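What follows is the residue order along each chain.
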Amino acid sequence: MAGFILRKAKPNDVSDILRLIKELAKFEEMEEKVMLSEKDLLEDGFGDHPFYHCLVAEVPKEQSSDDHTVVGFAMYYFTYDPWTGKLLYLEDFYVMQEFRGLGIGSEILKVLSETALKTRCSGMHFIVAENNTKSIEFYKRRGAADLSSEEGWRLFEIEKEGLEKMTSR
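These figures come from a predicted structure and were not determined experimentally.

Participant: A description of the pattern of salt bridges should follow, citing residues and the corresponding values.
Facilitator: On inspection of all chains with the given rule, the structure shows 5 salt bridges. Notably, a salt bridge pairs R7 with E58, separated by 3.0 Å at the nearest N-O pair. Note that R7 is positioned in strand β1 (residues 5-8) and E58 in strand β2 (residues 53-58), a separation of 51 residues in sequence. Just as R7 is buried, E58 falls in that class too. The shortest N-O distance in the salt bridge between E43 and K39 comes to 3.0 Å. Of this pair, E43 and K39 both sit in helix α2 (residues 38-45), 4 residues apart, roughly one helical turn. When salt bridges with common partners are traced through the structure, they connect R7, D13 and E58 into a single cluster.

Participant: Mind laying out unusual backbone geometry, listing which residues take part and the relevant values?
Facilitator: Leaving glycine aside, a negative phi is the common case for residues, and trans is the common case for peptide bonds. The backbone of E29 sits at a positive phi, close to 55 degrees, despite the residue not being glycine. In this structure, E29 sits in the loop between α1 (14-27) and α2. On the basis of relative accessibility, which here comes to 68%, the residue E29 falls in the exposed class. Backbone geometry at R120 places phi at a positive 60 degrees, although glycine is not the residue there. With respect to the secondary-structure elements, R120 resides in the loop between α3 (104-118) and β5 (123-126). Residue classification places R120 among the exposed residues on the basis of a relative accessible area of 65%.

Participant: Which residues make up the environment of G3, and what values do they have?
Facilitator: Looking at where G3 falls in the secondary structure, it is placed in the segment before β1. When the C-alpha positions of G3 and A145 are compared, they lie 30 Å apart, and in sequence the two are 142 residues distant. Those residues in contact with G3 that lie beyond four places of it in its chain are V59, P60 and Q63.

How each quantity is defined
Residues numbered from 1 in each chain as written. Predicted model: local features only at pLDDT ≥ 70, side-chain atom pairs only at ≥ 80, totals over all residues. Heavy atoms only, no water. Salt bridge = Lys/Arg side-chain N within 4 Å of Asp/Glu carboxyl O. Helix = DSSP H or I, 4+ residues; strand = E, 2+ residues; numbered from the N terminus. Buried < 20%, exposed > 50% of the residue type's maximum accessible area, 1.4 Å probe, protein only. Contact = heavy atoms within 4.5 Å.

The analysis is restricted to geometry; functional conclusions fall outside its scope.
Here it is in structure tokens:
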């Protein structure tokens, strides 16, 4: 394989981004949880005040077996930690199975690390499913610390219905 390029996602990439989000959800056995549409991705990521940023990995058309040239993505945004300041939060990161092992994932993390440093972030946070041992090892080999075991943090969620219930009290 000759190579790939990483670039910032453009509005016309939303169909590929959604396709990859669904592939990742299927891999995680949670595909029924994907509620986003292309319209949502377009409005939320490419307006005047985007809620997320996205990198895509692209290969030349002749290297793709199924006409998809966008073979990976990383969706991230910036958040703020009251103890350490700005953080880059990596929300989702996925490379199609047949394109793994080619350095795409490592290059995505390198570019995200450069982005975090350029924007004066104190670090990068992300979540990995417990059963995704390959990804856990991938991150650990690159210096990531597992805060759930080292510091005992737990992830919580309040879904939309819960938010509505709290506002009606």
